[in-house]
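Each chain, written out:
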Amino acid sequence: MKKITIGLALCAVLFATQVSAESILRMSTTTSTENSGLLQVLNPVFEKKYGARLDVIAVGTGKALKLGENGDVDVVFVHAPKAEEAFVNAGFGVDRKAVMHNDFVLVGAKADIAAVKASGSAAEAFLKISRAAAPFISRGDDSGTHKKERELWRTAGVEPKGSWYVSAGQGMGAVLKMADEKQAYALADRGTFIAYQDKTDLVIVFEGGENLLNPYHVIAVNPERFPHVNYDLARQYIDFITGEEGQAIIRSFKKDGQALFTPDAVQ
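Residues numbered from 1 in each chain as written. Predicted model: local features only at pLDDT ≥ 70, side-chain atom pairs only at ≥ 80, totals over all residues. Heavy atoms only, no water.

1. Regarding the layout of surface pockets
- One number sums up the size of the largest pocket: a volume of about 310 Å³.
- Taken together, 15 residues form the lining of the largest pocket, with Ala-80, Pro-81, Lys-82, Lys-148 and Glu-151 sitting closest to its centre.
- For the lining of the largest pocket, the elements supplying multiple residues, two or more each, are α5 (81-89), α7 (144-156) and β9 (213-221).
- The greatest single-element share of the lining of the largest pocket, amounting to six residues, is contributed by α7.
- Tallied by class, the residues present in the lining of the largest pocket amount to six nonpolar, three polar and six charged. (1 Å grid on protein atoms, 1.4 Å probe; cavity = no way out; pocket = protein on both sides within 12 Å on 5 of 7 lines; lining within 4 Å. Points joined across faces, edges and corners; volume = space filled by probe spheres on them. Helix = DSSP H or I, 4+ residues; strand = E, 2+ residues; numbered from the N terminus. Nonpolar A, V, L, I, M, F, W, Y, C, P; charged D, E, K, R; others polar.)

Next comes the structure, spelled out in structure tokens:
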């Protein structure tokens, strides 16, 4: 009995040692990388290759960058170029690298009550929605998608307000479900929309144009500002998702034969 007890104790010590030796990478990211399912395919490959564990916090880009500003994560993976540049210029981030892109699409019910399908631009489509007071569900969470939506309203010369405009404060997947329930319009990243196509009856009512491009970048949190961050592992993650292996995973990531993202680091 004593031998069994000692054996179990040794196993427990060895297990605890193995867990404590495991490298942990804390990452904040936008909900679209999570909702699309990309991270569930990409991150386990990295974890196995480097014997690491990724702790992922999926929130809007604004909140993801704020976690980096506070030194609460080691790396951020987001999609709001102007906010990213400000983050780096303020000394919070380093080694910003392009990873991939897709685009934003305006989605809504098939009835398209604001008749936005005939619009010549995204700004015109948004103007039509406001003039029709057609229901619109906004992320309202300072995410990359929300930042783009606000930019499009400004371009259209519209300050959205009224009962037709709902600020959800939710992630992309939740907003798509709300838009479907309320037969409303919403701005979505194409990747999450494709991932949720079989869960809603929404359709794309407007797409295309350079101002709807949606690039994603990865940024390490500055170790000079926050000495406690796991900068070495962050660099390994950056090298992985911008290298041949990570880019190949992104390129091959599809749903129903549709690519959700286009890799940017390796063509």
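2. Quick word on the packing of helix α6 (residues 122-132) against α7
- With their axes 8 Å apart at the nearest point, α6 and α7 run at an angle of 80 degrees to one another. Between α6 and α7, the crossing angle belongs to the class labelled roughly perpendicular. Contact residues: Ala-122, Ala-123, Phe-126, Leu-127, Ile-129 and Ser-130 in α6; Glu-149, Leu-152, Trp-153, Thr-155 and Ala-156 in α7.
- Taken together, the residues of the contact of α6 with α7 break down into eight nonpolar, two polar and one charged. (Axes fitted to C-alpha atoms, helices over the stretch in contact; angles between N-to-C directions. Parallel < 35°, antiparallel > 145°, perpendicular 65-115°, else oblique. Contact = heavy atoms within 4.5 Å.)

3. Points about the nonpolar core
- By size, the foremost hydrophobic cluster in this structure holds 42 residues, and its most contacted members are Phe-77 and Tyr-237.
- Tallying contributions element by element places helix α10 (residues 231-241) first for this core, with six residues.
- Not counting residues up to four positions away in its chain, the partners in contact with Tyr-237 are Leu-25, Met-27, Leu-39, Leu-42, Asn-43, Phe-46, Leu-54, Phe-77 and Val-218.
- One finds Phe-104, Ala-125, Phe-126 and Leu-152 within the second-largest nonpolar core, a separate group that totals 22 residues. (Core = buried A, V, L, I, M, F, W, Y, C linked by side-chain atoms within 4.5 Å. Buried < 20%, exposed > 50% of the residue type's maximum accessible area, 1.4 Å probe, protein only.)

Spatial relationships are all this shows, so hold off on functional conclusions.
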